[in-house]
Amino acid sequence: MMRGLKKWRLFGLAAALMAFLAACGEEQISTLQPAGQVAEDQFDLLLLSTGVMVFVIIVVSIIYVLAIIKFRRKKVGEDVIPEQVEGSKRLEFIWTAIPIAIVLFLAVPTVAVTYQLADVDDMGVVDAEGTPASVTVDVTAKLYWWEFAYPDLGIVTAQELVVPTDEPVYFNLTAADVKHSFWVPSIGGKTDANTDGVNTFYLTFDEESADLEDGVFYGKCAELCGPSHALMDFKVKALDEAEFQAWVAAMQESTGEAEGELAQEGQELFEQSCIACHATSGAGTTGGIAPNLATFGDRNRIAGYLPHSEENLKKWISEPQEYKPGNLMPDPGSLPGREGEAFSEEELDALAAYLFGLTVEDDM
Amino acid sequence: MSSTAQAQKKGFGATLWDYLTTVDHKKIAILYLVSGGFFFVVGGIEAMLIRIQLAVPANDFVSAGVYNQIMTMHGTTMIFLAAMPLLFAFMNAVVPLQIGARDVAFPFLNSLGFWLFFFGGVFLNLSWFLGGAPDAGWTSYASLAIASGGHGVDFYALGLQISGAGTLIAGINFLVTIINMRAPGMTYMRMPMFTWTTFIASALILFAFPPLTVGLFFLILDRMFFANFFAVEMGGNTIIWEHLFWIFGHPEVYILVLPAFGIFSEIFAIFSRKRLFGYSALVFATILIGFYGFMVWAHHMFTTGLGATANAIFAVATMAIAVPTGVKIFNWLLTIWGGNISFSTPMLYALGFIPSFVAGGVTGVMQAVAPLDYQLHDSYFIVAHFHYVIVGGVVLALLGGLHLYWPKMFGTMLSEKLGKITFALFFFGFHATFFIQHFLGLLGMPRRVYTFVGDQGWDLYNLISSVGAAFMALGVITLVINIIMTSVKNERVGNDPWEDGRTLEWAIPSPPPFYNFKQTPLVRGLDTYWIEKMEGNPEGMTYAEPIGDIHMPNNSIIPFIMSAGLFVAAFGALYFIDGDKAWPLPVLALGLLITLGSMAARSLKDDLGYHIHKEDLLKEGGQPGGH
Amino acid sequence: MDINKQYSAQTWPDHPETATLEGKNKFVGFWLFLGGETVLFATLFATYLALKDKGPSGMEITASQLFELPLVFIMTMLLLTSSLTSVYAMFHMRSYNFRAMQAWMAVTVLLGAAFLGFEIYEFNHYVHEFGFTYGHSAFSSAFYTLVGTHGLHVAIGLGWFILLMIRNAKRGLNLYNASKFYTISLYWHFIDVVWVFIFTVVYLMGVVG
Ligand SMILES: [Cu+2]
Ligand SMILES: [Cu+2]
């Protein structure tokens, strides 16, 4: 229904202003470059309300500037006592009535879109054979990472949400420890991840992320959740329907087995010290203690925000508190089987080889 | 003889004792001004640290944990320990004079309110030296506040509880003062706008602070005394905190901004030499804003998941507030329209306020559009918005009010030249800092981040914002220089230093004698002093009574001791949870005993005050009202 | 005002509590304070209703099992009666009968103390019979905080009554302390009204389910 408001994009001033604005920002994270229907609706509301408000500002500015110029003391005269006007019923009426009209004008699309964006009736609807007609993702926000489970598909991943394009994707959102908030600016506004219950909403992804600079949309935690709140980023990969199905199939079959000698060494180490918290197979359900690493090799970032290099991975494993203060990953020394000993350079190489080999995209 | 002149003759010890025990609203105003000013500087330094940290991406000027403490304390300090006390300073200094009263209704409670605020603020800030400041944001959302380690959040809850009690007392005091202490002829519809806005803001305090008190108690009980209000696994619910906090928090915005409107109303009228346009509409709009203020709190919770119906209702209710606010803006514009505008320093602040506040207001309406707010909420857009409201509205009013009322409070005139430089630096810095932050929010930058990764389109805007902040700091430094120079020069001024004063406070000496009015004035209309001046009355007042004995309240140290008792008790409560020390419980008991004991002492003694005798008044003045 | 001025029943004003400016201020101020207190209790009530019967998964204790109306009914009667006796005290204050006023205040204090005794017994009973401690659940925290805050108000009211009775025993009635007596009785009525709500919302609605 917001399509009808598209005409407002032609609204003179707003358009001029926004043309300037839309040039700004990175398309993978800017609300000014919407890449999904939800963000587009919100962008339209931004244009509409900005337009109305610019009108208000212009009216105020004209009166303001004229008053200052016309009635400054230099012009009026040092000793002049102006007439002590009490007020004007007519003016009072005008400047009460016009704002009321403006508010009503804004209230209608506000209420309509509020209901429209809350519409999750089609969530979990199944077709004749009992297969769900749409994708549902259970999102759990944790200190300081994101878990994305696909209960209908029997797979789970972390840190990078993978979704199909051009269809509504439904979300169940909750928090495991403290409150967080889920935000992908170019796809749609935020929803809080509460500790008290589940929030449901939908988003649509109208652009394939492969065309973007990093091949991903940027997602953020938008509610203060502790020291590393600023680093609680995630990424979104939007794939076309066929690619998405291929990804799901690859996830369901992923085993977490290493290939190559060094990687196998790494796997042994991993199974001794890391497996208690990190799963490496994409098949599974929600509730992981630490991020599922089945897609680690496909990821865009280390620890959610560092460039995806082996070097950064080794730094992150060796000193987790240094790179994400307050996170729950133990120092290597306190891991099972380490007895106080940090990972040696060779051990880190092995782990890196193993983890970078964990990929499902190669199997798609 | 002026009261400060008297004070200057005393030794330092005697002056200190005088201020510790004073119940004179004018001295309490100075206490609020000095301590509020101190906390304003502290909060400002915290702001500068924030902007230094965020000037460039991936900065490591402060660590993540420390940043969260700075950010939390910046908000908490500015709202509770700077903005509100500074407004109380002007309310105390001006409102009793504006209504022709000799003091507030409860001078003793006035002093108690101040000392509670003071000790609460000191307690809160001591957290820096005792293991770390609170770090869950000034909103201290429950799940994070419960999870936060150390004692920071305990300092927050207990400190705000103590200073909040002081605020509540101050609110009741102003309400009763305005209801009962108005001079003859000072009907409600003749009250100056600043008195009106103080009146409504005080009513908001009375009804908005109890939910905060209860919320803070829940937090204290959960963190320290095994309660489960917010413990989800025990059946608790963290959203209760969000409701309680914002049922307080939204009216709090109006508690701050209505008195600011009051100050600007006075400035516009004085420096346009013109009566406020549509006075009764302004009064009505103030009442309406205060009333609406309680019905829109959930607009801070659009993303919480309250459901489409709740969001839609609160969205429309919020937009409705824009109407009375708009009415006010147009009334001010029409006040200067047709006036005779003098660009004095206070007027510059008032004129600067209009575009700034309009900008803050329209972004407020944009955020009332609930679906749009899903994008704007908790991004830098909202940071920009509320700084436009709080700095563009409240802080500009505080600075303008400071220049306007400085002569009335201290009897000297701040330098106009330095005042204008302060304004220029601060005003430019303010817009440079915050205008750009709207766009940071739209470009996807969340608020409350201790750092950000580069190349997300935010680097330049953050740098601009930080440079702007430096200009604001320069402005404040200029102001401090101005205050020092003015105090050193000490050139005394007369009753009506701005020459166009309209209300009663300008009819008496600057600073006023400790009993304010030798004879209670008879108020003959709105802007009564202006009326008398226009009629050529050299005394500036018509009197409602002949010179007679004046009854005055006694000074008392008890408010100080009572507040100090709570300060001590708070330490006991705070360390009680550790369970590894023996002293917290006795300290808690001792503190409460000090407080209750001094209350009992107060109650058991008859405190009847004293009289200034007619003969002394006649001897002192020569002619009434004069110097 | 002259504190030493002697009054008789004839010269004593009809409304001694508001006969002076200080009295008037106290009168208005205290009413406003009670307005704030009302919001405070409203907040506690709302929280209680939100958390009623809420606890860790598998919690068995509910309001309908916990509360016993006969005990609460006795408490209600005690407090209502004490409100009535404080009205008598105010009646005698207005007719300048100091001794009768003190006597009725003493009765009020006794009734209030009995109420408080029952409340302590009640809490004790819940803790020992049901293990319903303060930290037992969100429900228990909300219940004890709401009812306990009221109990704390009762205790403060009792202390206030006693303090006033002692401090004025020798002074007798004058216009300085008349407003003090008036405010405590106002406070006491407020406490009573809050209890009526607690009785209805917590106990009656709790037992009904
Ligand atoms: Cu976060
Ligand atoms: Cu608000």
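Cut-offs and rules
- Residues numbered from 1 in each chain as written.
- Chains lettered and ligands numbered in written order.
- Predicted model: local features only at pLDDT ≥ 70, side-chain atom pairs only at ≥ 80, totals over all residues.
- Heavy atoms only, no water.
- Helix = DSSP H or I, 4+ residues; strand = E, 2+ residues; numbered from the N terminus.
- Rg over C-alpha atoms; globule rule 2.2 N^0.38 Å.
- Buried < 20%, exposed > 50% of the residue type's maximum accessible area, 1.4 Å probe, protein only.
- Contact = heavy atoms within 4.5 Å.
- Areas by Shrake-Rupley, 256 points an atom, 1.4 Å probe, with all protein chains shown as cover.
- Pairing = 2+ DSSP bridges.
- Axes fitted to C-alpha atoms, helices over the stretch in contact; angles between N-to-C directions.
- Buried area = accessible area lost by both parts, 1.4 Å probe.
- Salt bridge = Lys/Arg side-chain N within 4 Å of Asp/Glu carboxyl O.
- Polar contact = N/O pair within 3.5 Å; in protein donor to acceptor, adjacent residues only side chain to side chain.
- Nonpolar A, V, L, I, M, F, W, Y, C, P; charged D, E, K, R; others polar.
- Patch = residues over 30% accessible without salt bridge, like charges linked within 9 Å, V, L, I, M, F, W, Y side chains within 5 Å.
- Lys, Arg positive; Asp, Glu negative; His and termini not counted.
- Charge placed at Lys NZ, Arg CZ, Asp CG, Glu CD.
- pLDDT = per-residue confidence, 0-100.
- Donors = N, O, S within 2.8 Å, 3.2 Å for Na, K, Ca; no water.
- Tetrahedral: all angles 85-135°; square planar, octahedral: opposite > 155°, others 65-115°.
- Core = buried A, V, L, I, M, F, W, Y, C linked by side-chain atoms within 4.5 Å.

**Section: the overall build of chain A**
Link 1 in the chain: What chain A contains, in helices and strands, is nine helices and 12 strands.
Link 2 in the chain: For 364 residues, the compact-globule estimate of 2.2 N^0.38 gives 21 Å, and the C-alpha radius of gyration of chain A, at 27 Å, exceeds that figure by more than 25%.
Link 3 in the chain: By its C-alpha atoms, chain A is 95 × 60 × 35 Å across when sized along the principal axes.
Link 4 in the chain: Expressed as a percentage of its 364 residues, the buried residues of chain A come to 53%.
Link 5 in the chain: For chain A, contacts bridging at least 24 residues in sequence account for 67% of all contacts bridging at least 6.
Link 6 in the chain: Working note: accessible area of chain A is about 15,400 Å², and carbon and sulfur atoms make up 57% of it.

**With respect to the sheet that holds strand E5 (residues 168-175) of chain A**
Strand-to-strand pairing in sheets goes through backbone hydrogen bonds, with the strands running parallel or antiparallel.
Residues and elements named next belong to chain A.
Link 1 in the chain: Ordered in space as E3-E2-E1-E5-E8, the five strands form an open sheet in which the pairing is mixed. For this open sheet the edge positions go to strand E3 (155-158) and strand E8 (199-204), each flanked by a neighbour on one side alone. Strand after strand, the sheet turns through a mean of 25° between neighbouring axes, direction not considered.
Link 2 in the chain: Both strand E2 (residues 145-150) and E3 contribute to a ladder of four bridges, which runs antiparallel. Bridging from a neighbouring strand, Phe148 pairs with Thr157 of E3.

**Here's the deal with the interface of chain A and chain B**
Link 1 in the chain: Opposite the 84 residues of chain A that make contact, chain B presents 94 residues.
Link 2 in the chain: Summed over both partners, the interface of chain A with chain B comes to about 7,200 Å²; 68% of that surface belongs to carbon and sulfur atoms.
Link 3 in the chain: Contact with chain B buries area across many residues of chain A, yet A:Arg73, A:Trp95 and A:Leu224 alone supply 10% of it, more than any other trio.
Link 4 in the chain: On inspection of chain A and its partner chain B, the count reaches two salt bridges.

**With respect to the interface of chain B and chain C**
Link 1 in the chain: Facing the 36 residues of chain B at the interface are 36 residues of chain C.
Link 2 in the chain: Contact between chain B and chain C buries roughly 2,800 Å² in total, counting both sides, with carbon and sulfur atoms accounting for 70%.
Link 3 in the chain: Summed over the shared surface of chain B and chain C, the result is two salt bridges.
Link 4 in the chain: Residues C:Arg167 and B:Asp606 are paired through a salt bridge, measuring 2.5 Å at the closest nitrogen-oxygen approach.
Link 5 in the chain: For the pair chain B and chain C, the interface holds 13 residue pairs in polar contact (both at pLDDT 80 or more).
Link 6 in the chain: The element that contributes the greatest number of residues to the side of chain B that touches chain C is helix H8 (residues 193-224) of chain B, accounting for eight residues.
Link 7 in the chain: Class assignment for the residues of the side of chain B that touches chain C results in 24 nonpolar, eight polar and four charged.

**Some words on the sheet that holds strand E10 (residues 234-239) of chain A**
Residue and element names in this part refer to chain A.
Link 1 in the chain: Reading across from one edge, E4-E10-E9-E6-E7 is the order of the five strands in this open sheet, with mixed pairing throughout. In this open sheet, the two edge strands, each paired with only one partner strand, are strand E4 (160-164) and strand E7 (188-193). Across the sheet, the mean angle from the axis of one strand to that of its neighbour is 25°, orientation sign disregarded.
Link 2 in the chain: Relative to E10, strand E9 (residues 217-221) is paired through three bridges, and the arrangement is antiparallel. By the bridge assignment for E10, Tyr218 is matched with Lys235.
Link 3 in the chain: The strands touched by helix H5 (residues 241-253) are E4 and E10; relative to E4, the strand with the most contacts, the crossing angle is about 130°.

**With respect to a negative patch on the surface**
Link 1 in the chain: On the surface, a cluster of negative charge is contributed by A:Glu27, A:Asp166, A:Asp206, A:Glu207, A:Asp211, A:Glu213 and B:Asp455.
Link 2 in the chain: Positionally, A:Glu207 belongs in the loop between E8 and E9.

**Describing the pairing of E7(A)**
Residues and elements named next belong to chain A.
Link 1 in the chain: Judged by how many residues are buried, E7 sits mostly within the fold: six of six residues are covered.
Link 2 in the chain: Sheet topology places strand E6 (residues 180-184) next to E7; four bridges connect them, and they run antiparallel. Residue pairing for E7: His180 is matched across the bridge by Ala193.

**Re the confidence of the model for chain A**
Residue and element names in this part refer to chain A.
Link 1 in the chain: With 93% of its residues at a pLDDT of 70 or more, chain A shows a mean pLDDT of 90.
Link 2 in the chain: Mean pLDDT values for the elements of chain A range from 54 in helix H1 (residues 12-22) up to 97 in E6.
Link 3 in the chain: For the stretch residues 1-6, pLDDT sits under 50, and the model shows 12 contacts to residues farther than four places along the chain or on other chains.

**As for the arrangement of the chains**
Link 1 in the chain: Among two pairs of chains with at least one contact, chains A and B form the most extensive contact set.
Link 2 in the chain: No interface is formed between chain A and chain C, the nearest pair of C-alpha atoms being 12 Å apart.

**A closer look at the coordination of the copper ion (ligand 1)**
Octahedral six-donor coordination of a metal ideally yields angles of 90 or 180 degrees, compared with 109.5 degrees for tetrahedral four-donor coordination.
Residues and elements named next belong to chain A.
Link 1 in the chain: At the metal site, the copper ion (ligand 1) is ligated by Cys221 (SG), Glu223 (O), Cys225 (SG) and His229 (ND1), and these contacts range over 2.1 to 2.5 Å.
Link 2 in the chain: Relative to the metal, the four donor atoms surrounding the copper ion (ligand 1) lie at angles of 85 to 128°, and the coordination shape comes out irregular.
Link 3 in the chain: Each donor residue of the copper ion (ligand 1) belongs to the same chain, and together they define the spacing C-x1-E-x1-C-x3-H. Take Cys221 and Cys225: they sit in the same class, and that class is buried.

**Some details on the nonpolar core**
Nonpolar side chains in soluble globular proteins tend to end up buried together.
Link 1 in the chain: Judged by nonpolar contacts, the single largest core of 378 residues is most densely connected at A:Phe182, C:Phe143 and C:Tyr203.
Link 2 in the chain: No other element matches helix H4 (residues 64-98) of chain B, which puts 22 residues into this core.
Link 3 in the chain: The residues contacting C:Phe143, other than those within four sequence positions of it, are C:Tyr48, C:Phe67, C:Glu122, C:Phe123, C:Tyr126, C:Phe132, C:Gly148, C:Val202 and C:Tyr203.
Link 4 in the chain: Grouped together as the second largest cluster of nonpolar side chains are six residues, B:Tyr515, B:Ile550, B:Ile612 and B:Leu617 included.

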